[in-house]
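This is what each chain is made of:
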Amino acid sequence: MKKIKIFAFLLAVMTASASLPILHVSAEENALPASYDLRDYGLVTSVKDQGNTETCWAHATMAAAESNMLKTRLGYQIVKENNLKELDLSEAHLVWFGKCKWSEDETDPLYHKGNNEGVMGYQNTYDALNGLGSLAAWKGVQLEKNFPNVTETPKIDESFRYTSYAHLQNATFFGIERSSETKEYCEPINKDSIKKCLMENGAMVVSYYDNTAFFSKDVVSCYCPEKQADTNHTVTLIGWDDNYSRENFTTQPPEDGAWLCKNSWGEDSGNYGYFYISYSDPNPRRFVSLEMEATDNYDSVYQIDGGESLNSGSGNYLYGFAAGNVFTARKDENIVAVSFGNWFNDIPYSISIYENVDTSNSNPTNGKLLYTQDGTSELAGYHTIPLKNPVSVAEGTSFSVVVTIKKIDNNWLCRDSSGRQTNSFWASYNLDTNSYNTWYSETSGCYCIKAFTDDTPESSATLGDVNGDDVIDVVDVLVLNKYLLGVSGLSDAGRVNSDVNHNGQLEDADAMMILK
């Protein structure tokens, strides 16, 4: 029989606080400060210089990832383990495997004949959404010290494609265009929502329209009064100032207030590499917040999407919408999480998993239903959804993951236009009859739907015994706390044992229940 030791809550809090500094900034309703700067909390890495490359998007993405990893403490763990002066992630690794070179390994589910842009990939793009597909496919992040600087436009050995120090598991989108022609947004840009997301997750990626004519003489403030056809530069959003004077701009905007951004043009640009964009500027869009996790979060990923971007999507105006990908189990495993991307807020979804799927009629539901889980995606983005119960699949078994959006219109799912054009399917969904209409094979890539697995059977779980020492005590609370802060990982059994409240998520509430 296990011995259960109950310690006073105060003792646990004092012990945890003494052992582990916590960097947490609350973004409660109506509690947004007039100004905020992530540098004040040590959550911004040094300014970089992209040189003559067009890799602003990669610099902004890596800077946002670094900030999030520092906020969760995962970054400090990596710095310590690798004897680094600061957390510095490789832009070159992201660009090479995202834009320059696709996989030539025919056994790779993301095999794409290796044909992409070559070294010209360092010169050809600036979109804030670029790189997310690669990171979601676990192609990085890698350390800057392991590769030449991006300004050298290096060719990187294929053996490094899937080497990572952290995994992207969630990304939140604001200001994504629904139409490339009209530039209509999927959801209106809400400043307060962006501010709260920045406070919770760290720095964000954002694209805007850059032109020297709209900068102040000291290149510290930017305001373009008219919306342009497209953006042309991507930077890192690190804060804001509601009282930043409109008089600081060459052309005065109608109101005070500005976003604080980190550029990738070196410290000689702007105010040591930082500058402001007026709130009134209509061009900043494609705000993206990243959430990184330790690489031991799952044992394996099943995927057929893995292009550089998540900038494509499709849905249905008259019905609900569904998409599904079909995989073959490589060994006996438990599916413990599923990911997908959506372009709109407040999306009611249903995740279904089938086995022994026959896709001869392009139908990913043509098999035995193993599991269904419903939920709501509150914000647009790429989301990893932990399953409340693991789903076992046997080696060699075909299985599908189907995501159904139970909403008419505004129901788009992210699609990878460069992904494999096999084993990915879509259908409209009739909300009146709760049934799918005709299923079709996706011929313009594939949907961004993945399955994440663990090797350890769920049946071995003992709730509360996080560290596996057969004793449930305050040590388990501390181990779980370190995991929640990103300082250390958990074994598969540890993650299972930590979900004491059975809601499919590891959180502070689980630690409280362990204490009880």
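Asks: Before we move on, can you summarise unusual backbone geometry with the specific residues and values?
Replies: Cis geometry is adopted by the peptide bond preceding Val 141, which originates at Gly 140 and carries an omega value of 25°. Examined against the element boundaries, Val 141 turns out to sit in the loop between helix H5 (132-136) and strand S3 (167-174). Its identity is not glycine, yet Asp 470 carries a phi of approximately 65°, on the positive side. Summarising the element assignment, Asp 470 is placed in the loop between strand S23 (450-454) and strand S24 (471-472).

Asks: If you had to explain the environment of Ala 323 to someone new, which residues and values would you point to?
Replies: Here Ala 323 lies in strand S12 (residues 320-328). Through-space distance from the C-alpha of Ala 323 to that of Val 402 is 5.7 Å; in sequence the pair is 79 residues apart. Contact partners of Ala 323, with chain neighbours within four places excluded, come to Val 401, Val 402, Val 403, Leu 413, Phe 425, Trp 426, Trp 439, Tyr 447 and Ile 449.

Asks: Explain the packing of aromatic side chains to me, and be specific about the residues and the numbers.
Replies: Evaluated as defined, the whole model comprises 24 aromatic pairs. Three or more aromatic residues joined by ring pairs form one cluster here, namely Tyr 223, Tyr 244, Phe 249 and Tyr 276.

Asks: Summarise helix H4 (residues 91-100); cite the residues concerned and give the values.
Replies: Counted residue by residue, H4 has 10 buried out of 10 residues, so it is predominantly covered. Among all positions of H4, only Glu 91, Ala 92, His 93, Leu 94, Val 95, Trp 96, Phe 97, Gly 98, Lys 99 and Cys 100 are buried. Of the surrounding elements, those touching the buried residues of H4 are helix H2 (56-71) and H5.

Asks: Can you break down the nonpolar core residue by residue, with the values?
Replies: Core analysis: the biggest nonpolar cluster contains 115 residues, and Met 69, Phe 173, Leu 237, Leu 290, Ile 335, Phe 399 and Val 401 have the highest contact counts within it. Contacts of Val 401, omitting those with residues within four sequence positions, involve Ala 323, Gly 324, Asn 325, Phe 327, Val 338, Ile 351, Ser 352, Ile 353, Ile 449 and Ala 451. Val 474, Val 477, Leu 490 and Val 500 belong to the second-largest nonpolar core, a separate cluster that totals 11 residues.

Asks: Outline the environment of Thr 453, supporting the account with residue identities and numerical values.
Replies: Turning to its location among the elements, Thr 453 is positioned in strand S23. Taking the C-alpha atoms as reference points, Thr 453 and Asn 334, 119 residues apart in sequence, are found 5.3 Å from one another. Aside from chain neighbours lying at most four places away, what touches Thr 453 is Tyr 298, Asp 299, Ser 300, Tyr 302, Glu 333, Asn 334, Ile 335 and Val 336.

The rules we used
- Residues numbered from 1 in each chain as written.
- Predicted model: local features only at pLDDT ≥ 70, side-chain atom pairs only at ≥ 80, totals over all residues.
- Heavy atoms only, no water.
- Helix = DSSP H or I, 4+ residues; strand = E, 2+ residues; numbered from the N terminus.
- Contact = heavy atoms within 4.5 Å.
- Phe/Tyr/Trp six-rings, centres within 6.5 Å; stacked < 30°, edge-to-face > 60°.
- Buried < 20%, exposed > 50% of the residue type's maximum accessible area, 1.4 Å probe, protein only.
- Core = buried A, V, L, I, M, F, W, Y, C linked by side-chain atoms within 4.5 Å.

Just distances and angles here, no functional claims.
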